[in-house]
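One-letter residues, chain by chain:
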Amino acid sequence: MSDNEQRIDIRHATLHAVAEGARSHRRLEVHGLTGSGNARLLAELLDETGGTCAILVADQKQAARLCADIRFFRRQDDVVFFPNWEVGPYDPLSPHPEVEAERIASLAAMHAGKARAVVIPVRSLMQRVMPRQVLNDLSLQLLLEEEYPREELKERLLGLGYQPVPMVEDRGTFSLRGDILDIYPTASRQPLRLDFFGDFIEQIRPFSVTDQRVVDQQLNEVLLLPAREMVLAGPHLEHFLLRLKERCDDLDMARSRREAILDEARESLLAPGREFLLPLNYELLSPLFDYLPDVDWVVLDPPAVEQAADQFAAEIRSGESRIAASGEPYVEASSLFLEPADISTALGSARQIDLTRLQLYHLEADWPLFRVESVANTDFLCQPNELKGGLDRLVDQLEEWREQNWRVLLVCHQRGQGERLQEMLENHGLSLPFEPERRLVSLEKGEQAIAIGDLSSGFRLPDERIAVFCEEDIFGSRARRRTRREKQRALLPSLSELKENDFIVHTDHGIGRYCGLQHLQSGQTEGDYLLIEYAGDDKLYLPIDRIERVQKYVGSEGHQPKLDKMGGSAWEKAKLKARAAVEELALSLIHI
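Residues numbered from 1 in each chain as written. Predicted model: local features only at pLDDT ≥ 70, side-chain atom pairs only at ≥ 80, totals over all residues. Heavy atoms only, no water.

## Considering the overall build of the protein chain
Item 1. From N to C terminus, the protein chain includes 16 helices and 24 strands.
Item 2. Taking all 592 residues of the protein chain together, the buried fraction comes to 50%.
Item 3. Sequence separation of 24 or more characterises 70% of the internal contacts of the protein chain that already satisfy a separation of 6 or more.
Item 4. Just so you have it, the protein chain exposes about 29,600 Å², and 48% of that area is on carbon and sulfur atoms. (Helix = DSSP H or I, 4+ residues; strand = E, 2+ residues; numbered from the N terminus. Buried < 20%, exposed > 50% of the residue type's maximum accessible area, 1.4 Å probe, protein only. Contact = heavy atoms within 4.5 Å. Areas by Shrake-Rupley, 256 points an atom, 1.4 Å probe, with all protein chains shown as cover.)

Have a look at this one:
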């Protein structure tokens, strides 16, 4: 920028003005949005520009929240989330099958041009992925009333990484029982039941995971994508075995150890963490940019993204050094990961919008700055002991906004909560319509409504006379029951810190010795298991998805606990004794 030129600085900008600016400028900066206001802007951008948008975010949780918020405002099935593996670089842990399934479904949406917006944590962007041509070649489309020999289809599913299970509940699993094939495709929101007549598909219907009952809906086709990013079947397995052998030889690995690892691959029983050998599975992995060749990039909080990229790069270097010293096979980081500089270079040549809470100062900034006046809803949070006064204050403000022609939407997560909020407001003298499917875009000036949706937080735009509230803005955060995957994800970091021979405690069996992770196959079921040893050489193989039942033993330094015996009475007696002590303490506190 020359001395005579002045940077365009637009104050009190509307979201519509920002969207217009995005069409006429290759780069711009938007400052000031709060809450889910960023998602509201991105939904507006998608409507205004008609292009595809890739949104780069610093961390996984923030990215997941932003994706849900955009989906709420957009109301279309074209916003996808591309998560990272959720395990540290080169850790001896495998990504959760649901994570891999979501990644592949998102890659397929990008490849097919069906994704209008892709929300990407920076760790996901820094990891190379399966090439587009490989994904295309591995995709399988099943059509109604076409012939598919079931045994051949079963082998194809196994080759694509689908896990045979007794009952289908998770993506990437299937169950073949006579003339019925239950399968949860990677790219499907529901599992599907395929009814065969001979080898012909007679019906394709979704079914419920909860009660396994089919839904009254008939589909004409189903797209099957790989369930895992590493495909150990056909030519890809041969390629993997060849390159794995070469890599083991390059690392001067003992022949017996090399052959044992190759046998793992031949049997598709790779040890946890072998996914970091992904570059050996294909000729050359692709950067995610290959799936997004012509998109507008949005960077949410650029300093945080830059810091997260540098931190991940440091973890990659540390992980590579650690595994190099372990004697396990590994690939060089450059074949699997990008450097922060690679990200900066790629973004530098693309159209880009920076979303910032605070203004960033650039010495040579020649792109326009749009300042949006946005206010968080923290001033309307009702304290538990002041609920009546808080709701009175909210009602007074809503009535004032109605007179000033504000558009106001109050969003609850569930119908019951929406009905309760409507009743509470009526008790304070304000009647609002409860319209579960209502959205901000359909509100007229002066209209107010209560809706249902997944929204992380609200915001106010005084210049546009818009207010959006979620129930947490009014009543505060509430505890919710974590899903099985969330429980496992929360415990994985502690699992990575476990060493063999550490003592751990199982809720039912007591104190045992952790003997490592093992990948086992029994009949049609296979998976990762924690091996726990108890007294009398008893062994327990605990499925990793039940990890919440164990925790690391914590005792006084140097103390060696006695192992419990499975099925014995000592652990039950210890629990009863502890419970009695707690009850005694509670009684004594009551008397105080």
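## As for the sheet that holds strand β19 (residues 466-470)
Item 1. Reading across the sheet, the four strands line up as β17-β16-β19-β18 and stay open at both edges, with mixed pairing between neighbours. Each of the sheet's edge strands pairs with one partner strand only, and the pair in question is β17 (448-452) and β18 (459-461). With strand direction ignored, the average angle separating the axes of adjacent strands in the sheet is 15°.
Item 2. Relative to β17, strand β16 (residues 407-412) runs parallel, the two being bridged by five bridges. Bridging from a neighbouring strand, cysteine 412 pairs with isoleucine 452 of β17. (Pairing = 2+ DSSP bridges. Axes fitted to C-alpha atoms, helices over the stretch in contact; angles between N-to-C directions.)

## Observations concerning the packing of aromatic side chains
Item 1. Scanning the model with the defined rule gives eleven aromatic pairs in all.
Item 2. Judged by centre distance (6.2 Å) and plane angle (55°), the ring pair of phenylalanine 73 and phenylalanine 459 falls under tilted. Taken as a pair, phenylalanine 73 in helix α3 (residues 60-74) and phenylalanine 459 in strand β18 lie far apart in primary sequence, 386 residues in all. In this pair, the class of phenylalanine 73 matches that of phenylalanine 459, namely buried. (Phe/Tyr/Trp six-rings, centres within 6.5 Å; stacked < 30°, edge-to-face > 60°.)

## Focus: the side chain of arginine 460
Item 1. Looking at the secondary structure, you find arginine 460 in strand β18.
Item 2. Given a relative accessible area of 9%, arginine 460 falls into the buried group.
Item 3. There is a polar contact of 3.2 Å between the side chain of arginine 460 and the side chain of aspartate 379. (Polar contact = N/O pair within 3.5 Å; in protein donor to acceptor, adjacent residues only side chain to side chain.)

## Points about the sheet that holds strand β15 (residues 369-371)
Item 1. Ordered in space as β1-β15-β2-β14-β13-β3-β5-β4, the eight strands form an open sheet in which the pairing is parallel. Of all the strands in the sheet, just β1 (9-10) and β4 (79-81) have a single pairing partner and so form its edges.
Item 2. Both strand β3 (residues 53-57) and strand β13 (residues 296-300) contribute to a ladder of four bridges, which runs parallel. Directly across from leucine 56, in β13, lies its bridge partner valine 299.
Item 3. Together, β3, β13 and β14 (352-356) form the strand contacts of helix α10 (residues 302-324), whose direction differs from that of β13 by roughly 85°.

## Section: a negative patch on the surface
Item 1. A cluster of acidic side chains, namely Glu145, Glu146, Glu147 and Glu202, defines a negative patch on the protein surface.
Item 2. Along the chain, glutamate 147 falls in the loop between β6 (140-143) and α7 (150-159).
Item 3. Residue classification places glutamate 147 among the partly exposed positions, given a relative accessible area of 46%. (Patch = residues over 30% accessible without salt bridge, like charges linked within 9 Å, V, L, I, M, F, W, Y side chains within 5 Å. Salt bridge = Lys/Arg side-chain N within 4 Å of Asp/Glu carboxyl O. Lys, Arg positive; Asp, Glu negative; His and termini not counted. Charge placed at Lys NZ, Arg CZ, Asp CG, Glu CD.)

## Things to note about the side chain of arginine 228
Item 1. Of note, arginine 228 is situated in the loop between β12 (221-224) and α8 (234-250).
Item 2. A polar side-chain atom of arginine 228 sits 2.4 Å from a polar atom in the side chain of glutamate 100.
Item 3. Once residues within four sequence positions are removed from consideration, arginine 228 is found in contact with Pro95, Pro97, Glu100, Ile104, Met130, Leu160, Gly161, Gln163 and Glu275.

## What about the nonpolar core?
Item 1. Met110, Leu142, Leu194, Leu288, Leu292 and Trp297 are the most contacted members of the largest nonpolar core, which totals 87 residues.
Item 2. The biggest single contributor to this core is α10, with seven residues.
Item 3. Non-local contacts of leucine 194, meaning those with residues more than four positions away in its chain, are made with Leu142, Asp179, Ile180, Leu181, Ile183, Ile201, Gln203 and Ile204. (Core = buried A, V, L, I, M, F, W, Y, C linked by side-chain atoms within 4.5 Å.)

## Points about α8
Item 1. With 17 residues, α8 extends 25 Å between its outermost C-alpha atoms, agreeing within 8% with the 24 Å of an ideal straight helix rising 1.5 Å per residue.
Item 2. Listing the buried residues of α8 in full gives His236, Leu237, Phe240, Leu241, Leu244, Arg247 and Cys248. One face of α8 carries all of its buried residues, which in axial projection span an arc of 135°. Exposed residues lying more than 90 degrees from the buried face of α8 are Pro235, Glu238, Leu242 and Asp250.
Item 3. Of the residues trailing α8, aspartate 252 is marked for its positive phi of about 55°. (Expected span 1.5 Å × (residues − 1). Arc of directions from axis to C-beta.)

## Brief notes about the pattern of salt bridges
Pairing between side chains of opposite charge can happen when the charged atoms of each approach one another.
Item 1. This structure, assessed with the given rule, holds 35 salt bridges.
Item 2. Via salt bridges that share partners, Lys245, Asp249, Arg258 and Glu259 belong to a single interconnected network.

## Some words on the pairing of β3
Item 1. A large share of β3 lies buried, amounting to five of its five residues.
Item 2. Side-chain alternation along β3 places Cys53, Ile55 and Val57 on one buried face and Ala54 and Leu56 on a second face that is also buried.

## Quick notes on helix α11 (residues 340-348)
Item 1. Along α11, the positions that sit buried rather than exposed are Pro340, Ile343 and Leu347. Burial along α11 is one-sided: seen end-on, the buried residues are contained in an arc of 60°. Every exposed residue of α11 that faces more than 90 degrees away from the buried side is listed here: Ala341, Thr345 and Gly348.
Item 2. Buried residues in α11 make contact with β3, α5 (122-125), β13, α10 and β14.

## Here we look at the packing of helix α2 (residues 37-49) against α3
Item 1. At a minimum axis distance of 8 Å, the contact between α2 and α3 shows a crossing angle of 55°. It follows from the interaxial angle that α2 and α3 lie oblique. In the packing of α2 onto α3, the handedness of the crossing is right-handed. Within the contact between the two elements, α2 uses Asn38, Ala39, Arg40, Leu42, Ala43, Leu46 and Asp47 and α3 uses Leu66, Asp69, Ile70, Phe73 and Arg74.
Item 2. Tallied by class, the residues present in the contact of α2 with α3 amount to seven nonpolar, one polar and four charged. (Parallel < 35°, antiparallel > 145°, perpendicular 65-115°, else oblique. Left-handed = near helix turned anticlockwise from the far one by under 90°. Nonpolar A, V, L, I, M, F, W, Y, C, P; charged D, E, K, R; others polar.)

## Focus on the packing of helix α1 (residues 15-24) against α2
Item 1. Remark: α1 packs on α2, axes separated minimally by 9 Å, with the N-to-C direction vectors making an angle of 50°. Taken together, α1 and α2 sit at an angle that is classed as oblique. Read as a crossing pair, α1 and α2 show a hand that is right-handed. Within the contact between the two elements, α1 uses Leu15, His16, Val18, Ala19, Glu20, Ala22 and Arg23 and α2 uses Arg40, Leu41, Glu44, Leu45, Glu48 and Thr49.
Item 2. Grouping the amino acids of the contact of α1 with α2 by side-chain chemistry returns six nonpolar, two polar and five charged.

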